[in-house]
Each structure stands twice: as C-alpha cells, then as structure tokens.
Amino acid sequence: MGLGVLEDKHLPHVPGTALLTDVISSDNAHRHGELASALRHGRGKDADVVLVPQPSNSPNDPLNWPLWKKDLMLFFICIDTAVVGAWGPMISPGFVEMASQFGISYNKLNGDLGYGILVIGLSCFFTNSMAVVWGRRPVFLLGNVLLFISSIGGYYSHSFSSLLGFRLAGCIGMSPFEVLVTTTIADIYFVHQRGVRLAAWGLCLSVGVGGGSIISGYIIEDLGWNWTYGICAILFGVWIIVLFFFCPETAYRRNDSFNTDLGTGQSNKEELARHDSSKKKIDSGSLEAGNDEVEVEVVEHPATDITCSEKKHSYWHDLKIYNGRVSDDPFWKVLTRPLMMLLFPQVLFSFFAYGLTTSWLVVVGSVLAQLFTAPPYNFSVSGVGLVSIASLIGAIVGAFISGPIADWVIKAMSRRNGGIYEPEFRLVLIVISLVLGGMSFFGFGWSLQRQDAWIVPVIFYGLQYFGVGFMTIAVYGYLTDCHRDKAPEAFAAINLRNIYSFGMNYFISDWISHQGPKEVFCIIGGVHVFICLCGIPMYVYGKRCRSWTSRVKVFEKIMQA
C-alpha cells in the first residue's frame with residue numbers, strides 16, 4: 001500500500017502510475033539504478049524528478065520547447081480565458097433592469113439565458129472532437145472568431161430574441177475554453193509542473209467571472225448593457241491576432257515508449273512478454289515498513305527514433321492554422337467517446353466532484369442581483385457587481401496557494417513512496433475544499449436568511465471561490481494524470497455538468513423565493529460535503545480502478561474506439 005493507495009495485483013504497470021523521483025532514501029544517495037541514467041530528469045531543485053512523460057528527441061516536440069515559450073503561450077491563452085469567463089455572467093448585474101426593458105420576469109430572463117450553459121455542455125463534444133482529430137490551434141481560433149461575431153451581434157441587439165440568438169452562438173465559441181486549456185497544459189508540461197499552471201488557468205477563469213461582473217456593473221449603469229458586448233468584441237478581435245501569432249499547435253505524435261505514465265497498450269503486450277527482463281525489482285529495505293519491494297518499469301527507448309531526424313520548424317511554419325490530422329481516429333468515434341468514458345469510475349467521480357461543485361458557483365452568480373437588490377441590502381447595479389470583488393480575492397488567494405501546494409504535495413508524497421507517483425496523490429487537496437467549501441455554502445445561506453450585515457454573506461461568497469478552487473485543481477490534475485492520452489474526451493465528459501448547471505439555473509430563483517436562502521444553500525453545502533467525502537474511497541481504490549479500466553475488454557474497446 002503506497003501511502004493509503006491500495007496496490008493492484010493484476011498489472012505490472014498501472015496506467016497513470018509513474019516513477020517521478022528516483023531518490024529512495026533521505027540522504028539522496030540511493031537511486032533507482034539504471035533508471036537514473038535511462039530517463040531524463042528535471043533541473044535544479046527538481047534534479048531528482050523524472051520527467052513524465054519523457055520528451056522525445058525532436059526539437060518540434062512541445063515538451064522540448066523552452067519554458068518561457070510554454071509560459072508565454074499559456075499566459076495569452078489564460079488572458080483569453082479570463083475574457084471568455086467574463087463574457088458569460090457579465091450582464092448578470094443588469095438582469096433586473098433588462099427584465100424591465102424587455103417586459104419579462106427575472107426568472108424567465110435568467111432561465112432563457114441559461115440555455116447558453118446547455119449549449120456549452122453539448123458543443124464541448126464537437127469542439128473537443130475537432131481538437132483531437134485536427135488539432136488545438138484551429139479550434140481555439142474558431143472559438144474566438146465566434147465570440148467576436150457574437151459580441152458584435154450582442155452590441156447591436158435591441159430585442160431579447162436577437163440577444164438570445166447571438167448569445168447561444170457565442171456559447172459555442174466558449175466551449176473550447178471549457179476543455180482545451182487543460183488539455184494544452186497536459187500537452188506541453190510535465191506532471192510536476194502542471195499544478196501551478198492549472199491554478200493559473202483557474203485563477204484567470206475566476207478573475208474573468210468575478211472581475212468581469214465588477215467592471216460590467218459600472219458599464220451597464222453608465223453606458224447600458226449593450227456596451228459590455230461592444231468592449232468584448234474589441235478584446236476578442238485583438239486576441240484573434242494574438243493567438244494567431246503566439247500560440248502554435250501543441251498536439252504532437254511521439255513514440256509510445258516515451259509515455260511512461262500510460263502503461264502498456266494492447267499493441268505491445270506481446271513485446272512486454274518477450275522483454276519481461278526489463279522489469280527490475282528494487283530492494284527497498286530503507287523504505288517504510290510494510291513495503292517489501294517496489295517494482296518499476298525500465299523504459300528502453302528505440303534504437304532509432306524517427307523524431308531525431310526532424311528539422312526544427314520555422315516560426316512561419318508554426319503560423320499555419322491547420323497542420324494536418326493529429327489523430328487517425330474517425331471523428332464520429334471521438335465524438336461518442338466522452339459519453340462512454342463516463343463508465344470509468346475515475347471519470348464518473350470527477351464528473352460529480354468537479355461538475356456539481358463548480359455548478360454551484362454558476363448558480364450563485366446568477367442570483368446575486370436577486371439577493372442583493374432586495375431589502376435589506378438594496379444594492380444598485382454597480383453595487384451588485386462589486387459583490388464579485390469577494391470572489392475575485394478568493395480566487396486570487398486560492399490560486400497562489402493551491403498551485404504551488406499541488407505540485408509540492410505530489411513530489412513530497414512521491415519521495416515518501418519510494419519515488420513512485422500515483423495520480424491519487426492529487427486528491428489530497430480535496431480536504432481543504434471539504435472544510436472551507438462546506439463552511440462557505442452553509443454560512444452564505446445562513447447569513448442571508450438572518451439578514452446579517454452585507455459584509456458577512458460577501459465574505460462567505462469569496463470563501464466559496466477559495467475552497468472550490470482546490471477541488472478544481474485536484475480533479476483536473478487527477479484526470480489529466482489518469483488519462484493524459486484521452487484528456488480532451490475525459491474533460492468533455494465531465495463538462496456535461498453544464499446540463500446540470502442549466503437545470504439549476506432555470507429554477508434556482510423561484511426556489512430561493514419560496515424556501516429562502518438558508519434552506520437552499522444548506523442543501524447545496526450538504527451535497528458538496530458528501531461529494532468531498534467520496535474522495536476518500538476514490539483515493540484508496542483509485543489505482544485498482546485504473547487497473548480495472550485498462551484490462552477489462554469493454555473499457556479497452558472504449559479507449560481504442
């Protein structure tokens with residue numbers, strides 16, 4: 001048992017499990033023998049960290065790009081993500097005013113615009129499949145073009161029907177940012193680098209959702225709600241150019257032997273049987289009691305790697321929007337794979353853990369105007385927008401803490417586990433979300449029911465973003481490390497949570513009106529706590545679930561579909 005994760009008795013190498021650090025004693029003197037020279041390592045303080053996955057010898061492999069190039073690209077994508085995050089809820093501070101202008105009820109306005117959430121969830125399947133088959137770059141650019149056109153249409157809309165039509169079209173453009181940013185992180189970064197980058201993405205998304213509402217409140221009050229779309233049209237127009245020049249394709253086909261985290265596929269099981277001698281048993285007498293031996297797979301790189309002869313692509317070559325198919329899988333098979341992947345225990349857990357938890361944030365954001373424009377608070381439109389300062393602070397503080405903690409935890413736990421990394425180590429962060437996230441939902445509803453001073457529910461609102469941020473990093477990191485080769489499909493599967501968000505968004509306003517915020521948010525808090533507690537059996541039995549889904553025929557067919 002590796003730090004509480006039950007060992008599997010069926011496979012010699014379970015997909016997701018990998019040698020992350022080759023130090024097996026506290027004095028840094030004893031290393032995993034041949035592995036120290038056979039595998040490439042990090043640098044500086046991470047000199048004992050084995051790079052997972054192993055980069056190829058090609059200069060065009062995104063894993064071999066300079067770190068500054070990776071981070072610059074991610075920076076531009078994250079800024080784009082922030083604008084996309086703001087695009088969705090930016091008109092929510094003006095819902096009361098807009099309902100009056102269009103002559104409809106608040107609940108109908110909120111519910112009908114909520115169809116956009118449903119569109120995002122469904123279109124994720126198509127944009128994900130396009131990215132898997134034809135690459136990430138054209139899908140990112142297409143998403144920005146759709147948002148640019150939709151923002152122009154939203155600016156010139158003078159009826160609710162035209163606004164709704166353009167908004168639904170824009171939600172299709174939003175869908176790549178629900179799936180492909182985390183996939184891009186998996187494309188270009190190693191396991192021990194992903195936590196900070198996932199936190200950066202989560203931060204920008206939260207800043208967009210929260211910060212956008214702060215700014216849009218003043219825009220709506222001074223210029224009108226149409227101008228929120230006008231400003232976004234300008235930003236998306238600029239960012240189409242930025243992505244074109246600074247964000248090349250990240251999907252890359254490398255030899256399977258470099259994927260030390262994916263285990264052994266059906267295609268080379270016979271080869272594994274013939275080369276059984278490549279399995280080395282490392283005596284671990286210096287390890288903790290109860291661990292008699294650690295079995296590690298020695299990866300032997302092919303003698304002749306075709307990537308070695310590749311010439312480095314020029315900058316102008318990288319500007320090509322389409323670089324050919326990056327997968328031989330038929331489009332329709334990739335399209336249906338996310339639904340089938342919900343049968344995987346680790347994907348199903350991630351769907352509930354990430355999906356339901358983050359859906360609460362969408363729901364709470366949609367009713368802020370209803371809660372704070374009414375007595376005893378009587379906030380103005382801009383005042384409702386300022387409530388989002390709390391979510392902004394919570395997201396920023398949470399990102400700066402959770403990202404470094406996430407990467408530190410997996411390296412520390414791997415060192416204590418004899419250098420072996422298990423994806424379940426990512427789930428440790430859920431403990432923070434359990435305590436702070438649960439507290440935030442209970443406190444938010446209770447304080448609103450008691451009509452406490454406005455600062456009390458606002459603080460709890462910020463705490464929601466802080467606590468749920470840890471859940472997001474834990475689940476996305478876990479799913480990436482379990483199914484890196486099928487990460488886009490796995491993320492599309494868990495983003496079906498938008499269907500749940502749509503349903504909640506449609507009746508949450510009436511629910512609060514009839515039963516009060518205390519009962520509503522205590523129920524939400526209770527569900528959140530239950531979901532977090534489900535992380536305990538997932539941590540303990542996760543490795544056996546990964547083994548099961550990689551050797552049972554039905555799951556094998558899904559992965560190869």
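For the structure given in this document, a descriptive report is provided here.

**Section: the packing of helix H8 (residues 176-188) against helix H19 (residues 487-494)**
Here is step 1: Packing of H8 against H19 leaves a shortest axis separation of 9 Å and a crossing angle of 145°. Every pair of crossing elements has a handedness; the one defined by H8 and H19 is right-handed. Contacts between H8 and H19 involve Val179, Thr182 and Thr183 on the former and, on the latter, Ala487, Pro488, Phe491 and Ala492.
Here is step 2: Tallied by class, residues from the contact of H8 with H19 come to five nonpolar, two polar and no charged.

**What to know about the packing of helix H17 (residues 430-449) against helix H18 (residues 455-482)**
Here is step 1: Between H17 and H18, the shortest axis-to-axis distance is 8 Å and the interhelical angle comes to 155°. Taken together, the axes of H17 and H18 lie roughly antiparallel to each other. Of the two possible hands of crossing, H17 and H18 adopt the one that is left-handed. Across the interface between the two elements, Ile430, Ile432, Ser433, Leu436, Gly437, Met439, Ser440, Phe441, Gly443, Phe444, Ser447 and Leu448 of H17 pack against Val456, Pro457, Phe460, Tyr461, Leu463, Gln464, Phe466, Gly467, Val468, Phe470, Met471 and Ala474 of H18.
Here is step 2: A breakdown of the residues in the contact of H17 with H18 according to their chemical character gives 17 nonpolar, seven polar and no charged.

**Remarks on the packing of aromatic side chains**
Here is step 1: Summed over the entire model, instances satisfying the criterion amount to 27 aromatic pairs.
Here is step 2: Consider the rings of Phe444 and Phe521, whose centres lie 5.0 Å apart with planes at 90°: the pair is edge-to-face. Taken as a pair, Phe444 in helix H17 and Phe521 in helix H21 (residues 517-533) lie far apart in primary sequence, 77 residues in all. Across the pair, Phe521 and Phe444 agree in class, each one buried.
Here is step 3: With a centroid separation of 4.9 Å and 40° between ring planes, the pair formed by Tyr476 and Phe491 is classed as tilted.

**Description of empty space enclosed by the protein**
Here is step 1: Counted under the stated rule, the structure contains three cavities of 30 Å³ or more.
Here is step 2: Reported here for the second largest cavity is a volume of approximately 70 Å³.
Here is step 3: In terms of lining residues, the second largest cavity is bounded by Met73, Arg136, Arg137, Phe140, Leu141, Thr184, Leu243, Cys247, Pro248, Glu249 and Thr250.
Here is step 4: Counting residues per element, the lining of the second largest cavity draws most heavily on helix H6 (residues 136-155), which supplies four residues.
Here is step 5: Partitioning the lining of the second largest cavity into residue classes produces six nonpolar, two polar and three charged.

**Describing the layout of surface pockets**
Here is step 1: For the second largest pocket, the calculated volume is near 540 Å³.
Here is step 2: Lining the second largest pocket are 21 residues, with Arg43, Leu51, Leu67, Phe190 and Gln193 positioned closest to its centre.
Here is step 3: Mapped onto the lining of the second largest pocket, the elements with two or more residues apiece are helix H2 (67-87), helix H9 (194-222) and helix H16 (381-416).
Here is step 4: In the lining of the second largest pocket, the residues fall into eight nonpolar, five polar and eight charged.

**Digging into helix H20 (residues 497-515)**
Here is step 1: Of all the bends in H20, the greatest measures close to 45° and is centred on Phe507.
Here is step 2: Three or more residues of H20 are buried, namely Arg497, Asn498, Ser501, Phe502, Met504, Asn505, Ile508, Ser509, Trp511 and Ile512.
Here is step 3: Gly516 sits one or two residues past H20 and shows a positive phi near 90°.

**Focus on the side chain of Thr549**
Here is step 1: Counting through the fold element by element, Thr549 comes out in helix H22 (residues 535-551).
Here is step 2: Residue classification places Thr549 among the buried residues on the basis of a relative accessible area of 3%.
Here is step 3: Within the local environment of Thr549, its side chain forms a polar contact with the side chain of Gln346, the two groups lying 3.3 Å apart.
Here is step 4: There is a polar contact of 3.1 Å between the side chain of Thr549 and the backbone oxygen of Arg546.
Here is step 5: When sequence neighbours within four positions are dropped, the list of residues in contact with Thr549 reads Phe344, Pro345, Gln346, Phe555 and Glu556.

**Observations regarding the side chain of Ser56**
Here is step 1: Along the chain, the position of Ser56 falls in the loop between helix H1 (35-38) and H2.
Here is step 2: There is a polar contact of 2.9 Å between the side chain of Ser56 and the side chain of Asp61.

**Here we look at the pattern of salt bridges**
Here is step 1: Under the definition given, this model contains 15 salt bridges.
Here is step 2: Residues Arg497 and Glu178 are paired through a salt bridge, measuring 3.1 Å at the closest nitrogen-oxygen approach. Placement of Arg497 in helix H20 and of Glu178 in helix H8 is noted, with a sequence separation of 319 residues between them. Comparing Arg497 with Glu178, the two get one shared label, buried.
Here is step 3: Put simply, Arg337 and Glu489 hold a salt bridge, and the shortest N to O gap is 2.5 Å. Residue Arg337 is found in helix H13 (residues 331-341), and its partner Glu489 is found in helix H19; the two are separated by 152 residues along the sequence.
Here is step 4: We classify Glu489 as buried; its relative accessible area is 1%.

**What about the nonpolar core?**
Here is step 1: Core analysis: the biggest nonpolar cluster contains 130 residues, and Trp87, Met98, Val347, Phe372, Tyr461, Ile494 and Ile508 have the highest contact counts within it.
Here is step 2: A per-element tally of this core places H18 first, with 14 residues.
Here is step 3: Non-local contacts of Tyr461, meaning those with residues more than four positions away in its chain, are made with Val364, Gly365, Leu368, Val387, Ser388, Ala390, Ser391 and Phe444.

What counts and what doesn't
- Residues numbered from 1 in each chain as written.
- Predicted model: local features only at pLDDT ≥ 70, side-chain atom pairs only at ≥ 80, totals over all residues.
- Heavy atoms only, no water.
- Axes fitted to C-alpha atoms, helices over the stretch in contact; angles between N-to-C directions.
- Helix = DSSP H or I, 4+ residues; strand = E, 2+ residues; numbered from the N terminus.
- Left-handed = near helix turned anticlockwise from the far one by under 90°.
- Contact = heavy atoms within 4.5 Å.
- Nonpolar A, V, L, I, M, F, W, Y, C, P; charged D, E, K, R; others polar.
- Parallel < 35°, antiparallel > 145°, perpendicular 65-115°, else oblique.
- Phe/Tyr/Trp six-rings, centres within 6.5 Å; stacked < 30°, edge-to-face > 60°.
- Buried < 20%, exposed > 50% of the residue type's maximum accessible area, 1.4 Å probe, protein only.
- 1 Å grid on protein atoms, 1.4 Å probe; cavity = no way out; pocket = protein on both sides within 12 Å on 5 of 7 lines; lining within 4 Å.
- Points joined across faces, edges and corners; volume = space filled by probe spheres on them.
- Bend = angle between axes of the 7 residues up to and from the residue.
- Polar contact = N/O pair within 3.5 Å; in protein donor to acceptor, adjacent residues only side chain to side chain.
- Salt bridge = Lys/Arg side-chain N within 4 Å of Asp/Glu carboxyl O.
- Core = buried A, V, L, I, M, F, W, Y, C linked by side-chain atoms within 4.5 Å.

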